[in-house]
2 protein chains.
Amino acid sequence: MLETQHEPIALMHADCPVARSEGFAARAQVELSLDGKTAVATLYYVRDHLLGLHDVGLSEAAWRRLDARDGGEIAVRHARPLQSMSDVRAKVYGNRLSAGQLRSIIGDVVAERYSDVQLAAFLTAFSSQPPDHEEMVALTRAMVDAGDRIDWPGDVIVDKHSVGGIPANRTTPIIVAIVAAAGLTIPKTSSRAITSPAGTADAMETMTPVDLDIAAMRRVVEQEGGCVVWGGSVRLSPADDILIRVERALDLDCTAQLVASVLSKKLAAGSKRLLLDIPVGPTAKVRTTREAEEISGYLIDVAADFGLATRTMVTDGTQPVGVGIGPALEARDVLRILRGEPDAPRDLRERAVMLAGELIEMGGAAGPVEGRALADAILADGRALRKFMAICEAQGGFREPPTAPLTHVIPAPLTGRLETIDNRQLARVAKLAGAPRSRAAGVEIRAKLGERVEHGHPLLVLHGESRGELAYALAYAEANSDMLQIRPA
Amino acid sequence: MLETQHEPIALMHADCPVARSEGFAARAQVELSLDGKTAVATLYYVRDHLLGLHDVGLSEAAWRRLDARDGGEIAVRHARPLQSMSDVRAKVYGNRLSAGQLRSIIGDVVAERYSDVQLAAFLTAFSSQPPDHEEMVALTRAMVDAGDRIDWPGDVIVDKHSVGGIPANRTTPIIVAIVAAAGLTIPKTSSRAITSPAGTADAMETMTPVDLDIAAMRRVVEQEGGCVVWGGSVRLSPADDILIRVERALDLDCTAQLVASVLSKKLAAGSKRLLLDIPVGPTAKVRTTREAEEISGYLIDVAADFGLATRTMVTDGTQPVGVGIGPALEARDVLRILRGEPDAPRDLRERAVMLAGELIEMGGAAGPVEGRALADAILADGRALRKFMAICEAQGGFREPPTAPLTHVIPAPLTGRLETIDNRQLARVAKLAGAPRSRAAGVEIRAKLGERVEHGHPLLVLHGESRGELAYALAYAEANSDMLQIRPA
């Protein structure tokens, strides 16, 4: 089985009857049928002995759609032309699309009728010919309607989202605990890592189950006012999951797609008030304040059409927030903060309190400018910790995050001030050490920008579950020692 | 081996060390090395027993680039980010690209560093943000420079190209024979079918070898003044061959790409004077005269920058030109015209004479308005036939095209006038009958638009090499009998 995440692919022998008599070109879109189920797939030919002349090999996505089993009899024919691709072409040539056209496109995307090449054309067209306000609203609505939707009683359902791109910054579990302890409702769905060393769902999973279905999620939220579950186990805005894959491959900064992505997920999750955290820094996803403001204005306008009240905060995205990078290491930072330990990372605590305070004000649990103080108090007096433990219990039980069996300290090569951090290379070190697959693996960074470091004192600490992975990470860190630049003092 | 035509793909097991320790995402671009050769490939993971944990499976393109052999030891690492993709992104956002940027993009395309998804973004960007004159010239030059180039003595090197999209219309062998007989030099490279029932190279190959290398092609042209060889055996504008594959999958009408494609091939072939035939019709590639004029103006302007004198002719693209559709059937139409047989298709003869006459005038072998008469005379008195036979001898020897062992006549269902022909469905019948793989397979259409057909007289004749293929084509033709509409008389 070919693991292509989402793209349905059919493999057939280059000398098979389909190839011979139908004149199917390689990369043709074919319709596969099996017991009344159909899937559209891209056809690839193979020339080897693995497939017989009458065999069809399927990628995981095609297999799943057909509910296939080994030995099943699959019919293959030309897929009917995708009508909605002509609307994509119209967009390429600069035409506006109607709500109905956008709905057809998203419907076909979710039905997995688009090949990756067609998805690339769609995303490129929307980057090149930015949709206007009406198109954005229609696109977002189409994406919400194409998946499940959760409704909650009342209209004080708060939510937060970080645009991301910097390592660690694991504020979400702390914020959810504070905000729920303040009496608000915050049903949070989070993602797993795709290209980063850890997603919020990965870090949370080292402490409690996150694979909850909608019924279980609802029970947790009704009981505790908040949750942190994996968004992949609920089917909210599935078009987004499909599009994001190709968007990453292209590395396109498609503001329209970012806005539609965030809003469709939050609207489907039943959010009524949203706080968007936009870290800005040279290696963050958003690189300039101007870009952050543009995204912010665009998003707030579109959100308003859905009655979703949105605020944005532009935060510092120049360095990691917290010490640990990797699922368990990030979870341990979260717990140290919730437990009020003296060595808890202050920057992460401060970031979480600031965002939680804003959310508390947005939810009306405190007056203007009082949110921050209330958030701080809830964290300081242990209410946030108790709420966090109660949420974990409701999700299936709390456990301490694991500790890696192996560590390796990289000391500071000289005394001075830490001047620059390359966040992408640092994230790479954590991944080479095994994160996120090895839960306890990753890297700790023991200094912040501008701080004094002492020659020979620990600067980075690598954590790994196997000697090989640790050696791999170490070799990379040593070969790229300029990822941390120190100005001699 | 995975036959993806051009895209290099690497298959690895989802639990292999690369997947585990490097955090490579599926669809990541990886650099493969083997004995000093490298290839960039898209990474796919498989979960089955066909690949071991340390195995790498390669698509044909990756195999070819690495000059791989079974059991070779391949090193896998992250591909360095494609610098030129940031220029593609700049184009997406509406920026002009410099000659240097376009050269880098085309260089990476030809080195097969672009995945199909990235090629789709490039093509979409150039459709959405049409390049200006300087960009078009630079793009065309980059495409020419990325491949081989043939130079010929003198500046009267003529060439013709048809934009295509209608079945049959096999004018090229006739034109080359007439024009070469008139004393001009016409070194013609032609394509094989990709999605059509036959390309010129396929039809020509039923009469003489077409797989000539540059040295052999040069010898034929120096001796006879003309040739008809397959463009794929010479490496002219290889970027075009790569781009066209994804363009077809997207069905984008990218004028810039069309112009760069035609011009880069012709300039690389050393042409100095070019006649472009643009058939216009509802099922042709170009659908309106306005579109044809737009392409024409664009192409003539860009060609002028290279000193390539270009004329365009807008021709009737509403129906097939000639009778036979399929490699040997089209070759037989060509021979019947060259031999002056009384039943030779008049429309194809007329079309060839018109285009050849124009080329003769462009080449200066006849004065204005005298070209057509000279072309007609050369064809009528047997000079074109003798030249054609001499060219075939020089290319490796002439043979009669094969005849299909099986035929099936579909009679006209009523008496009346033929009113419409769906060219795409008709081409499909020829492909279902086995063309172009089965050389003698295809379909003959025995009436032209507006002509009277008699109930029970042959309307279509299917030709096939196997009973199964013939039955397949017949079933399709019967199920789609409205592809030919007859108005009762």
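Note that the coordinates shown come from a computational prediction; the quantities given were computed from them, not determined experimentally.

Here Ala239(A) shows up in helix 10 (residues 238-250). Assessed through its relative accessible area of 0%, Ala239(A) is described here as buried.

One pass over the full model with this rule turns up two aromatic pairs over all chains. Taking the centre distance of 4.7 Å and the plane angle of 50° together, the rings of Phe122(A) and Phe126(A) count as tilted. Placement of the pair is Phe122(A) and Phe126(A) together in helix 5 (residues 116-128), with a separation of four residues, close to one helical turn. In this structure, Phe122(A) and Phe126(A) share a single accessibility class: buried. A cation over an aromatic ring shows up here: Arg192(A) above the ring of Trp230(A), its NZ or CZ 4.4 Å from the ring centre. The lysine or arginine in question, Lys91(B), covers the ring of Phe126(B), its NZ or CZ lying 5.4 Å from the ring centre.

Residues and elements named next belong to chain B. Along its 14 residues, helix 11 (residues 255-268) runs 20 Å from first to last C-alpha, staying within 8% of the 20 Å computed at 1.5 Å per residue. Of all 14 residues making up helix 11, 13 are buried, and the element is well covered by its neighbours. Once helix 11 ends, the next one or two residues include Gly270, with phi positive near 85°.

Residue and element names in this part refer to chain A. For chain A, the assigned domains read domain 1 (9-78), domain 2 (83-145), domain 3 (158-236 + 252-395) and domain 4 (406-488). Taking the mean C-alpha position of each, domain 3 and domain 4 sit 26 Å from one another. Both faces combined, the contact of domain 3 with domain 4 buries some 1800 Å², and carbon together with sulfur accounts for 57% of it. Where domain 3 touches domain 4, the interface holds two salt bridges. When the shortest N-O distance is used, the salt bridge between Glu205 and Arg439 registers 3.0 Å.

Our focus in this paragraph is empty space enclosed by the protein. All names here are of chain A. A complete count under the given rule lists three cavities of 30 Å³ or more for this structure. Along its surface, the largest cavity is lined by ten residues, and Glu112, Tyr114, Leu119, Ile242 and Arg245 are the ones closest to its centre. In terms of residue class, the lining of the largest cavity is built from five nonpolar, one polar and four charged.

Attention now moves to the UniProt feature "domain: Pyrimidine nucleoside phosphorylase C-terminal" (unreviewed entry) in chain A. Per the UniProt annotation, the sites labelled "domain: Pyrimidine nucleoside phosphorylase C-terminal" (unreviewed entry) are residues 417-484 of chain A. Between the end C-alpha atoms of residues 417-484 of chain A there is a gap of 10 Å, over a span that is 34% helix and 28% strand.

Attention now goes to the sheet that holds strand 14 (residues 416-421) of chain A. Strand-to-strand pairing in sheets goes through backbone hydrogen bonds, with the strands running parallel or antiparallel. Judged by pairing direction, the sheet is antiparallel, and its three strands sit side by side in the order 16-14-18 (chain A) without closing on themselves. One side of each edge strand has no neighbouring strand; the edge strands of this open sheet are strand 16 (452-453) and strand 18 (484-488) of chain A.

This part covers the pattern of salt bridges. Following the criterion strictly, the structure yields 55 salt bridges over all chains and no others. The partner of Glu112(A) in a salt bridge is Arg64(A), and the shortest N-O contact between them spans 3.5 Å. Of this pair, Glu112(A) sits in the loop between helix 4 (99-110) and helix 5 while Arg64(A) is found in helix 2 (residues 60-66), placing the two residues 48 residues apart along the sequence. Here Glu112(A) falls in the buried class, since its relative accessible area comes to 6%. Classification of Arg64(A) by relative accessible area gives partly exposed; the value is 47%. Ionic pairing is found between Arg336(B) and Asp333(B), a salt bridge with its closest N-O pair at 2.6 Å. Taken together, the residues span about one helical turn, with Arg336(B) and Asp333(B) both in helix 13 (residues 327-338) at a distance of three residues. In terms of burial, Arg336(B) and Asp333(B) fall into one category: buried. Look at the salt bridges and you will find they share partners, linking Arg192(A), Asp202(A), Glu205(A), Asp211(A) and Arg439(A) into a network.

Cut-offs and rules
Residues numbered from 1 in each chain as written. Chains lettered and ligands numbered in written order. Predicted model: local features only at pLDDT ≥ 70, side-chain atom pairs only at ≥ 80, totals over all residues. Heavy atoms only, no water. Helix = DSSP H or I, 4+ residues; strand = E, 2+ residues; numbered from the N terminus. Buried < 20%, exposed > 50% of the residue type's maximum accessible area, 1.4 Å probe, protein only. Phe/Tyr/Trp six-rings, centres within 6.5 Å; stacked < 30°, edge-to-face > 60°. Lys NZ or Arg CZ within 6 Å of the ring centre and 35° of its normal. Expected span 1.5 Å × (residues − 1). Domains from an automatic or database assignment. Buried area = accessible area lost by both parts, 1.4 Å probe. Salt bridge = Lys/Arg side-chain N within 4 Å of Asp/Glu carboxyl O. 1 Å grid on protein atoms, 1.4 Å probe; cavity = no way out; pocket = protein on both sides within 12 Å on 5 of 7 lines; lining within 4 Å. Points joined across faces, edges and corners; volume = space filled by probe spheres on them. Nonpolar A, V, L, I, M, F, W, Y, C, P; charged D, E, K, R; others polar. UniProt positions renumbered as here; feature names shortened; annotations may be inferred. Pairing = 2+ DSSP bridges.

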